[in-house]
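# Commentary on secondary and tertiary structure
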Amino acid sequence: MKQSFLHIFLLLLLSMTAENASAGDIAVKNEDGVTIYYKSYGNNELMVTYRDNNYNSYSGNVVIPDKFEYNGTWYKVTTIGDNAFLNSTGLTSVTIPNTVWRLGNYSFKGCTGLTSVIIPNSVTETGINVFQDCTSLASLTISNSLGTIEYSMFESCSKLDNVTIPGSVTKISSRAFYGCSALTSITIPRSVTSIGGASFRYCSSLKTITIPGSVTSIEPSTFEDCSGLETVNLEEGLRAIEGYAFSRCSSLTTITIPRSVTSIKFYAFQGVDFSTITSYIKNPFAIYGKTSGMGSFSVNTFEKSTLFVLAGTLEKYQSTEGWKDFANIEEVSDPYDLNGDEKVSTADIQVIINEMKKSETEQSPDYDLNSDGKVTTADIQIIINEMKL
């Protein structure tokens, strides 16, 4: 309780000092002779800050020490303050010590010469816009203690091409990777439950994305204008595809909609001309149709694509608003009908049990229903849930 109170107190003190963290209390040269500016906020702890209100305080290679002695007192560096490295266009590299737990708002924004960064595992939280407009940033390691990728954290990092989000992250905030035009690959772990609007908009080089079943909603414009996106894997658990979610993802030609989806909003797939769509939704809901002026799918998709639906649901789709506008609808067998008897039952559970007896290397991916790379009781639960419908 005492440590928790101290943590909150330090946060409040940080927020009060950040606006006035100009010249700082201490200016000390590191072992490389680089002057670093600090603000003291008690308990012999320091926040890295900037030289003056013109910002652009640092250049070259900056190694931040974890601790140092100054005028007979030992200090520990624990935070990077708001605006600390803002617009330091000559900064090429920075070493953040593992004593730092927070990176402040705009702390590295506009560091256009910064090419790589390692956020140490000691960092548990950040402010907003931390690395925005770091246009040379190509290599990134994110702390495995971080819970949230904050608003616009990596916006317009136009050379960033590969990102792995650690399993500690539960939330990717709005515009987190907006405009990362070189990003070709990103791994979203199952720990993530929320992906904010426009978080990957204009990631025009992104080729494939898997939305784990832990994410229940794809928010507005999340992948809008990802013109290179070719493959989208939507796992069971997703419920809503919001407006403009995949608008103008012009390289998409096929998609499978899981049965857990209950809402597809206006312009969700605007400007996407699918050749095939597979819908595992057993009880279709109304969507925005071809003549609505704000169709969930493009006019070409309604007129020219083939919509595959589960066996026994054809008439439902043909009579449901929006879905009935598809010119070509065909039925397919249920992928959860593992034994091919045209129904989902305890017999399919037995198929999974038999598969579980094999080693992971011998198991067939056809029975990995939740796409976690192995056949387990979690796949049995999926069958059980389906049997309840």
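Scoring rules and cut-offs
- Residues numbered from 1 in each chain as written.
- Predicted model: local features only at pLDDT ≥ 70, side-chain atom pairs only at ≥ 80, totals over all residues.
- Heavy atoms only, no water.
- Helix = DSSP H or I, 4+ residues; strand = E, 2+ residues; numbered from the N terminus.
- Buried < 20%, exposed > 50% of the residue type's maximum accessible area, 1.4 Å probe, protein only.
- Areas by Shrake-Rupley, 256 points an atom, 1.4 Å probe, with all protein chains shown as cover.
- Lys, Arg positive; Asp, Glu negative; His and termini not counted.
- Charge placed at Lys NZ, Arg CZ, Asp CG, Glu CD.
- Pairing = 2+ DSSP bridges.
- Axes fitted to C-alpha atoms, helices over the stretch in contact; angles between N-to-C directions.
- Right-handed = clockwise from strand over helix to strand, strands pointing away.
- Contact = heavy atoms within 4.5 Å.
- Arc of directions from axis to C-beta.
- Salt bridge = Lys/Arg side-chain N within 4 Å of Asp/Glu carboxyl O.
- Polar contact = N/O pair within 3.5 Å; in protein donor to acceptor, adjacent residues only side chain to side chain.
- Phe/Tyr/Trp six-rings, centres within 6.5 Å; stacked < 30°, edge-to-face > 60°.
- Lys NZ or Arg CZ within 6 Å of the ring centre and 35° of its normal.
- Core = buried A, V, L, I, M, F, W, Y, C linked by side-chain atoms within 4.5 Å.

What follows is about the overall build of the protein chain. Assigned secondary structure in the protein chain consists of five helices and 25 strands. Seen through its principal axes, the protein chain has C-alpha atoms that stretch 80 × 50 × 35 Å. In the protein chain, buried positions account for 48% of the 389 residues. Accessible surface, the protein chain: about 17,100 Å² in total, of which carbon and sulfur atoms supply 48%. The protein chain carries 28 positive and 41 negative side-chain charges, and their two centres are separated by 4 Å.

A word on the sheet that holds strand S24 (residues 306–310). The strand order across the open sheet formed by four strands is S21-S23-S24-S25, and the pairing between neighbours is parallel. Only two strands of the sheet have a single partner each, and these edge strands are strand S21 (254–257) and strand S25 (328–332). Strand after strand, the sheet turns through a mean of 20 degrees between neighbouring axes, direction not considered.

Side chains on a regular strand alternate between the two faces of the sheet. Of all the five residues making up S24, four are buried; the element is thus mostly covered by neighbouring parts of the structure. Bridge count between strand S23 (residues 276–279) and S24: four bridges; the pairing is parallel. By the bridge assignment for S24, Ile277 is matched with Leu307. The parallel pair S23 and S24 is bridged by helix H2 (residues 299–304), and the resulting crossover is right-handed. Looking at chain direction, S24 and S25 are connected through five bridges and run parallel. In the strand pairing of S25, Thr306 is matched with Asn328.

Turning our attention to the environment of Gly228. Of note, Gly228 is situated in the loop between strand S18 (217–218) and strand S19 (231–234). The buried category is assigned to Gly228, whose relative accessible area is 8%. Sequence spacing of Gly228 and Cys249 is 21 residues, and the spatial spacing of their C-alpha atoms is 6.9 Å. Residue contacts for Gly228: discarding those within four places in its chain leaves Ser204, Leu206, Lys207 and Ser251.

So, about helix H4 (residues 346–356). Among the residues of H4, Asp348, Ile349, Val351, Ile352 and Glu355 are the ones counted as buried. The buried residues of H4 occupy an angular sector of 150 degrees when the element is viewed end-on, so they sit on one face. For H4, the elements touching its buried residues are helix H5 (377–388).

Turning to the pattern of salt bridges, a few remarks are in order. Using the criterion set out here, one finds 18 salt bridges in the structure. Across the pair Glu125 and Arg102 runs a salt bridge, and its minimum N-O distance is 3.2 Å. In this pair, Glu125 is assigned in strand S10 (residues 125–126) and Arg102 in strand S8 (residues 102–103), connecting sequence segments 23 residues apart. On the accessibility criterion, Arg102 (17% relative accessible area) is buried. Between Arg201 and Asp225 there is a salt bridge, and its shortest N-O distance comes to 3.0 Å. Pair noted here: Arg201 is in the loop between strand S16 (194–195) and strand S17 (208–211) and Asp225 is in the loop between S18 and S19, with a separation of 24 residues, a long-range link. Connected through salt bridges with shared partners, the residues Glu236, Arg259, Lys282, Asp334 and Glu386 form a single ionic network.

Let us look at the side chain of Ser260. Structurally, Ser260 is set in the loop between S21 and strand S22 (263–264). Residue classification places Ser260 among the buried residues on the basis of a relative accessible area of 16%. Looking at Ser260, its side chain comes within polar contact range of the main-chain oxygen of Leu238, at 2.6 Å.

Turning our eyes to something else, we now look at the packing of aromatic side chains. The geometry of an aromatic ring pair is captured by the separation of the ring centres together with the interplanar angle, meaning the angle of the planes. Applying the stated criterion across every chain, the model contains 28 aromatic pairs. Judged by centre distance (4.8 Å) and plane angle (65 degrees), the rings of Tyr50 and Tyr55 are edge-to-face. Judged by relative accessible area, which is 21%, Tyr55 ranks as partly exposed. The cationic tip of Arg175 hangs over the ring face of Tyr178; the distance from NZ or CZ to the ring centre is 3.9 Å.

This paragraph deals with the nonpolar core. Counting residues in each nonpolar core, the largest one holds 89 residues, and the members touching the most others are Phe85, Phe131, Ile172, Phe177, Phe246, Ile264 and Phe297. Judged by nonpolar contacts, the second largest core, of 10 residues, contains Ile349, Ile352, Leu369 and Val375.

Okay, unusual backbone geometry next. Of note, Asn129 is a non-glycine position whose phi angle comes to about 55 degrees, a positive value. For Asn129, the location among the structural elements is in the loop between S10 and strand S11 (139–141).

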